[in-house]
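Each chain, letter by letter, is given below.
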Amino acid sequence: MGRSSEPAQAGGILRREEDARQASFVELFFDLVLVFALTGVVERMVPDLLSDDVGVRWLSLLYTVVLALPLLWLWTTTAYITSRFDCRSRWIQLLVLVSAFGLLIMATSLRYEFEARGTSFAVVYVLLHVGRPLLLRPFLRGHAEVHGLYTRLAIWAGVSGVIWLSGALLRGNVRVALWLIAITVDMVVARLRWPIPGRHRTPTSAWAMTSSRHLPERYQQLLLIALGETVLSIGLTYAQDPASLAATAALVITFLSSVLMWWIYFYRAGQVLAEAVEMSSNRAAAGGTVGVAHVLMVLGITAAAAGSEIVLAHPSGHSRPAWLAVILGGPAVFLFGRSRLERVVFNRLAVRRFVGIAALVLLALPLAFAPPLLAAIAAALVLLGVALADARRAAGRPPEAPSPSA
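Scoring rules and cut-offs
Residues numbered from 1 in each chain as written. Predicted model: local features only at pLDDT ≥ 70, side-chain atom pairs only at ≥ 80, totals over all residues. Heavy atoms only, no water. Helix = DSSP H or I, 4+ residues; strand = E, 2+ residues; numbered from the N terminus. Buried < 20%, exposed > 50% of the residue type's maximum accessible area, 1.4 Å probe, protein only. Contact = heavy atoms within 4.5 Å. Expected span 1.5 Å × (residues − 1). Bend = angle between axes of the 7 residues up to and from the residue. Polar contact = N/O pair within 3.5 Å; in protein donor to acceptor, adjacent residues only side chain to side chain. pLDDT = per-residue confidence, 0-100. Patch = residues over 30% accessible without salt bridge, like charges linked within 9 Å, V, L, I, M, F, W, Y side chains within 5 Å. Areas by Shrake-Rupley, 256 points an atom, 1.4 Å probe, with all protein chains shown as cover. Salt bridge = Lys/Arg side-chain N within 4 Å of Asp/Glu carboxyl O. Core = buried A, V, L, I, M, F, W, Y, C linked by side-chain atoms within 4.5 Å. Axes fitted to C-alpha atoms, helices over the stretch in contact; angles between N-to-C directions. Parallel < 35°, antiparallel > 145°, perpendicular 65-115°, else oblique. Left-handed = near helix turned anticlockwise from the far one by under 90°. Nonpolar A, V, L, I, M, F, W, Y, C, P; charged D, E, K, R; others polar. Phe/Tyr/Trp six-rings, centres within 6.5 Å; stacked < 30°, edge-to-face > 60°.

Asker: Help me out: how do you make sense of the side chain of Thr78 in this one?
Answerer: You can see Thr78 is positioned in helix α2 (residues 54-84). By relative accessible area, which is 4% here, Thr78 ends up buried. The residues touching Thr78, leaving out its near neighbours within four places in the chain, are Phe30, Val96, Ser99 and Arg132.

Asker: Got a minute to help me understand unusual backbone geometry in this structure?
Answerer: Glycine aside, residues mostly have negative phi angles, and peptide bonds mostly take the trans form. The step from Tyr267 to Arg268 runs through a cis peptide bond, and the omega angle for that step is 15°. Note that Arg268 resides in helix α8 (residues 245-270). Of note, the phi angle at Trp194 is positive, near 50°, even though the residue is not glycine. Look at Asn347: it is not a glycine, yet its phi comes out positive at around 55°. In this structure, Asn347 sits in the loop between α12 (329-346) and α13 (351-367).

Asker: Would you mind showing me how to read α2 here?
Answerer: In an α-helix, one turn spans 3.6 residues; hence positions three or four apart end up facing the same way. Between its terminal C-alpha atoms α2 stretches 46 Å, which fits the 45 Å expected from 31 residues at 1.5 Å a residue. Maximal helix bending in α2 amounts to about 25°, located at Ser60. In terms of residue burial, α2 counts as a mostly covered element, since 23 of its 31 residues are buried. Near the N-terminus of α2, the side chain that reaches the backbone nitrogen of Gly55, with its oxygen 2.8 Å away, is that of Asp53.

Asker: Help me understand the confidence of the model for the protein, please; the structure alone is not making it clear to me.
Answerer: Low-pLDDT portions of the prediction should not be read for the details of their coordinates. Per-residue confidence for the protein averages 89 on the pLDDT scale, and 92% of its residues sit at or above 70. This stretch, residues 1-11, has a pLDDT under 50; its non-local contacts, to residues over four places away or in other chains, come to 34 contacts.

Asker: Honestly, a nonpolar patch on the surface in this entry has me stumped. Any pointers?
Answerer: A grouping of Leu224, Val231, Phe255, Leu256, Val259, Trp262, Trp263 and Leu388 is seen on the molecular surface, where their side chains present a nonpolar patch of about 680 Å² in accessible area. Elements represented by at least two residues in the nonpolar patch include exactly α7 (214-240) and α8. With five residues, α8 is the single largest residue contributor to the nonpolar patch. By secondary structure assignment, the location of Val259 is in helix α8.

Asker: Looking at this model, I keep getting lost on the nonpolar core. Mind explaining?
Answerer: Nonpolar side chains in soluble globular proteins tend to be buried together. Counting 121 residues, the largest nonpolar core has Phe85, Tyr150, Trp164, Phe334 and Leu341 as the members making the most contacts within it. For this core, the element with the highest residue contribution is helix α10 (residues 283-313), accounting for 15 residues. Discounting residues that sit within four places of it in the chain, Trp164 has contacts with Pro70, Phe121, Ala122, Tyr125, Val126, Trp179, Ala182, Ile183 and Asp186.

Asker: I keep staring at the packing of helix α3 (residues 90-108) against helix α4 (residues 119-136) and nothing clicks. Help me out?
Answerer: Packed helices, taken two at a time, are described by their axes: the angle between them and the distance between them. Running from N to C, α3 and α4 point in directions that differ by 165°, and their axes come no closer than 9 Å. With respect to α4, the axis of α3 lies roughly antiparallel. For the crossing formed where α3 meets α4, the hand is left-handed. Of the residues in α4, those in contact with Ile92, Leu95, Val98, Ser99, Gly102, Ile105 and Met106 of α3 are Ser120, Phe121, Val124, Tyr125, Leu128, Arg132, Leu135 and Leu136.

Asker: In this structure, what is going on with the packing of α12 against α13? I would like to understand it.
Answerer: One can describe the packing of α12 onto α13 by two numbers: an axis separation of 9 Å at closest approach and a directional angle of 165°. Between α12 and α13, the angle is such that the two are roughly antiparallel. For the element pair α12 and α13, the recorded crossing hand is left-handed. Contacts between α12 and α13 involve Pro331, Ala332, Leu335, Phe336, Arg338, Ser339 and Glu342 from the former and Arg352, Arg353, Phe354, Gly356, Ile357 and Leu360 from the latter. Considered class by class, the residues forming the contact of α12 with α13 number seven nonpolar, two polar and four charged.

Asker: I tried to follow the side chain of Thr254 on my own but got confused; where do I start?
Answerer: Inspection of the secondary structure puts Thr254 in helix α8. Within the structure, the side chain of Thr254 is placed 3.1 Å from the backbone oxygen of Leu251, a separation counted as a polar contact. Beyond its immediate stretch of four places on either side in the chain, Thr254 contacts Ile234 and Ser308.

Asker: What is the right way to read the packing of aromatic side chains from this model?
Answerer: Geometrically, a pair of aromatic rings is defined through the distance of the ring centres and the angle of the planes. A full pass over the atoms with the stated rule returns nine aromatic pairs. With a centroid separation of 4.7 Å and an interplanar angle of 85°, the aromatic rings of Tyr265 and Phe266 are classed as edge-to-face. Comparing Tyr265 with Phe266, the two get one shared label, buried. Their ring planes at 75° and their centres at 6.4 Å tell us that Phe336 and Phe354 sit as a pair that is edge-to-face. In this pair, Phe336 sits in helix α12 while Phe354 sits in helix α13, placing the two residues 18 residues apart along the sequence. Overall, the relative accessible area of 36% leaves Phe336 in the partly exposed class. By the ring-pair criterion, three or more aromatic residues cluster together here, those being Phe121, Tyr125, Trp164 and Trp179.

Asker: How do you make sense of the environment of Thr64 when you look at a structure like this?
Answerer: By the secondary structure assignment, Thr64 is in helix α2. The spatial distance from the C-alpha of Thr64 to the C-alpha of Gly396 is 42 Å, given a sequence separation of 332 residues. Excluding residues that lie within four positions of it along the chain, Thr64 makes contacts with Val41, Met45 and Leu69.

Asker: Which parts of the structure should I look at to understand the pattern of salt bridges?
Answerer: Pairing between side chains becomes possible if they bear opposite charge and their charged atoms approach one another. Inspection of the entire model under this criterion finds 13 salt bridges. With its nearest N and O atoms 2.9 Å apart, the salt bridge here joins Asp86 to Arg88. Owing to a relative accessible area of 8%, Asp86 belongs among the buried residues under this scheme. Of the charged contacts, one joins Arg353 and Glu342 as a salt bridge, the two residues approaching to 3.4 Å between their closest N and O atoms. Here Glu342 lies in helix α12 and Arg353 lies in helix α13, a separation of 11 residues in the sequence. For Glu342, a relative accessible area of 2% corresponds to the buried category. Salt bridges sharing common partners tie together Arg338, Glu342, Arg348, Arg352, Arg353, Asp390, Arg393 and Glu400.

Here it is in structure tokens:
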């Protein structure tokens, strides 16, 4: 987040720039818990999508946003903590492990999210987001700017925490609405650097990076986690039922879509993301945009994973509109997030991505009368078209170097 290369006097808890290169083992352990959490989101979403109640099917899409965003926001804030603070410190290691346990508790309550047991989801989230900055502040007395940043963060975490806990006291759609407001507040005020009326905001940005490589690599790992969860979900679903020809075809197509999203991400912007951030004259702005882009892509991948399970369970018959929203909409959201990344790395409008998004939207109407397997094939063909367009543009040329905006 900040660029200070001086260690903190209180136990050397701040990273030095040369230390912030690769993810530590405790960070990778935290990532494993996120795999379980994202799998839980998909498992929570699919039964509602298969419901005979039209309202339940469409509400499942809103539920997914309300459930997935807090999990991803917890991962993001943890990634920025480990980017700023030295993971060799036993206190930071303990903080990450406690965060991992909290993420586990949140994930285990996903099936009961809007019922009584779902209260633990909000309580754990609030405890982590209020407690972590308060626990870190004593280590930052010699670093006024960072200290002020975490003070403002704790205040706003308390404000949104009231909304989270108010939702926890209620049930059903009222809880959904309050939690949607709460996570929106969390993300918006973070982008604004947690402003406090009458209190001077320090120049330290919440999104600046100690190292140009540590956070980009963490975001790359986040994408791989999301894609790995997709493969895990479709594999488990396929293994539960007899292997019919239609189900096997659905497995092949949904796996191909996951591979294509991996290809589109890493070629070429994802591959040179760290270099682009390093070259950027404003790492804070780059860091904020990169974070939003990856959250969008992971949301798209998560929706696509739910769509893959729908296709595996019901490859034939008519597609319901809510099913198409995830089968086609998931890749569309992924492409939109990827276009944001293209803007950061190459400072250009990703026309091929928007053509792909338009194709997915236009295909929705005719595919409403087609089986889900055909919709999955159409989504895979659009992704393949985007990937081939990328390959054609790069054919016969040297690998493109990043060119971020000044």
